[in-house]
Amino acid sequence: MKVLAILYDGGKAAREEPRLLGTTENRLGIEQWLKDQGHELIVSSDKEGPNSVFQKEIETADITTPFHPGYLTRDLIAKAKNLKLCVTAGVGSDHIDLNAANEKKITVAEVSGSNVVSVAEHVVMSILLLVRNFVPAHEMIERGDWQVSQIARQAFDLEGKVVGTIGAGRIGYRVLERLKPFDCKELLYFDYAAVPQHAADRIGIRRVEKLEDMLAQCDVVTVNCPLHEGTRDLINAESIKHMKKGAWLVNTARGAICNAEAVKAAVESGHLSGYAGDVWNVQPAPKDHPWRTMKNPLGGGNGMVPHYSGTTLDAQYRYATGTKQILANFFEGKEQDIANVIVTNGDYATKAYGQRVAAKV
Ligand code: NAI
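Residues numbered from 1 in each chain as written. Predicted model: local features only at pLDDT ≥ 70, side-chain atom pairs only at ≥ 80, totals over all residues. Heavy atoms only, no water.

1. Quick word on unusual backbone geometry
Here is step 1: Here the residue pair His68 and Pro69 is connected by a cis peptide bond, since its omega of 15° sits within 30 degrees of zero.
Here is step 2: Within the fold, Pro69 resides in the loop between strand E3 (63–65) and helix H4 (74–79).
Here is step 3: Here the bond from Gln283 into Pro284 is cis, since omega is -5°, no more than 30 degrees from zero.
Here is step 4: Relative to the elements of secondary structure, Pro284 occurs in the loop between strand E11 (272–277) and helix H14 (290–293).
Here is step 5: If you check the backbone angles, Lys105 has positive phi at about 55° while not being a glycine.
Here is step 6: Secondary-structure assignment places Lys105 in the loop between helix H5 (98–103) and strand E5 (107–110). (Helix = DSSP H or I, 4+ residues; strand = E, 2+ residues; numbered from the N terminus.)

2. Description of empty space enclosed by the protein
Here is step 1: Under the defined criterion, the tally for this structure stands at 1 cavity of 30 Å³ or more.
Here is step 2: If you trace the largest cavity, you find it lined by Leu129, Leu130, Asn133, Phe134, Val135, Pro136, Gln154, Trp248, Ser273, Asn296, Gly301 and Asn302.
Here is step 3: Those elements giving two or more residues to the lining of the largest cavity turn out to be helix H6 (116–131) and helix H7 (134–143).
Here is step 4: Counting residues per element, the lining of the largest cavity draws most heavily on H7, at 3 residues.
Here is step 5: Per-class residue counts for the lining of the largest cavity are 6 nonpolar, 6 polar and no charged. (1 Å grid on protein atoms, 1.4 Å probe; cavity = no way out; pocket = protein on both sides within 12 Å on 5 of 7 lines; lining within 4 Å. Points joined across faces, edges and corners; volume = space filled by probe spheres on them. Nonpolar A, V, L, I, M, F, W, Y, C, P; charged D, E, K, R; others polar.)

3. A word on the site of the ligand
Here is step 1: In the vicinity of the ligand there are 28 residues, among which Arg170, Ile171, Asp191, His228 and Thr252 approach most closely.
Here is step 2: Within the side chain of Asp191, an N or O atom sits 2.6 Å from an oxygen atom of the ligand.
Here is step 3: Protein chains shield 93% of the accessible area of the ligand, which is 870 Å² for the free molecule.
Here is step 4: Looking at the shell around the ligand, the elements that each hand over two or more residues are H6 and helix H9 (170–179). (Near = heavy atom within 4 Å. Polar contact = N/O pair within 3.5 Å; in protein donor to acceptor, adjacent residues only side chain to side chain. Areas by Shrake-Rupley, 256 points an atom, 1.4 Å probe, with all protein chains shown as cover.)

4. Topic: the side chain of Asp278
Here is step 1: Positionally, Asp278 belongs in the loop between E11 and H14.
Here is step 2: No salt bridge is formed by the buried Asp278; its nearest oppositely charged neighbour, Arg254, is found at 6.9 Å.
Here is step 3: Residues contacting Asp278, with those up to four places away along its chain left out, are Asn251, Thr252, Gln283, Met304, Val305, Pro306, His307, Tyr308, Ser309 and Gly310. (Buried < 20%, exposed > 50% of the residue type's maximum accessible area, 1.4 Å probe, protein only. Lys, Arg positive; Asp, Glu negative; His and termini not counted. Salt bridge = Lys/Arg side-chain N within 4 Å of Asp/Glu carboxyl O. Contact = heavy atoms within 4.5 Å.)

5. Here's the deal with the nonpolar core
Here is step 1: Residues Ile166, Leu249, Val263, Tyr275 and Trp291 are the most contacted members of the largest nonpolar core, which totals 33 residues.
Here is step 2: The set of elements that each furnish at least two residues to this core consists of strand E6 (162–166), helix H11 (211–217), strand E9 (220–223), strand E10 (247–251), helix H13 (260–269) and E11.
Here is step 3: At 5 residues, the largest contribution of residues to this core is made by H13.
Here is step 4: Beyond its immediate sequence surroundings of up to four residues, Ile166 is in contact with Phe190, Leu211, Met214, Leu215, Val221, Thr222, Val223, Asn224, Cys225, Leu234 and Ile235.
Here is step 5: Val123, Val124, Ile127 and Val175 belong to the second-largest nonpolar core, a separate cluster that totals 29 residues. (Core = buried A, V, L, I, M, F, W, Y, C linked by side-chain atoms within 4.5 Å.)

If you want it as structure tokens, here you go:
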């Protein structure tokens, strides 16, 4: 079979560090294993435009792991005559047109859970660095300055604050779980799927039925739902109006869930004290992307980094191993672990990608 992997170029770092498995250099660690079984592996980072390796090779690929991401649009799926399986080497399959995949009965699978702890830890760090005004404090030290009041005027404790997550699945729940020892005033969630009562009671979280109601109560909002038709632009100029003045927003889910211009305007006006995360509506983010440099009126409030929260070396090991297992199951005709399946046999196998009548699990 022909496997087409779209990965990012790791360059010198990947040549020096073989545990950077998600790179074109280290090829998810599966090249020899595939070759030994007589399969072909094509790896590239070249994914844009009709002459790119991705768009040309997809026409004859049986399997793809397009997680650079290579956007597997309806048009490309129509051209992919042999495609049977798409594996997201990680979590988050919004780069694949899932409805089009269903129409052609292509299976889409993720390595569910592979990097959820990695992201949850990053979210907790991002909340703390915003609330405690860490980034401008560090920048001040690098500059050689020392003006404590300039930092302290916008530094707070997380204790006593209200924190809410949009989406309380694997990552959202783990974020709240990790925040429990901080003695926040309340831990809230908004999700159309309720957290099982015993799990909610264990960490003391409260469900809020309407997004606007949760936004209005929170000092910190963290976004942890997938990107789909129902969440694109979910945080926009209108929904931000419901947020408390001076609140903080953290998004490590997908950039396009938050409207870039609305977030910039809210941070620059001070309506939001800050925004942090690692996901962007365009990746790599152009040099002039507003989220790179936006600042609140006191010169802080930006905790943006490149998309790496789910790509720690620990996570790379887990998602490379999980990708190999999904491929092995496929080659051997075994059932996939249902927790990993997003769509299969023409239908959604998960409820996480929007509320759908037909979803089975
Ligand atoms: P999950 O499937 O365990 O949980 C997602 C939750 O979001 C579900 O409970 C679902 O009901 C909820 N949800 C869906 N639509 C919603 C809506 N409109 N409003 C409120 N809740 C909604 O997924 P998991 O593992 O927690 O991952 C979530 C997302 O995080 C992924 O889809 C991916 O986009 C992102 N992610 C980002 C990474 C990074 O490196 N920055 C790495 C891994 C995941």
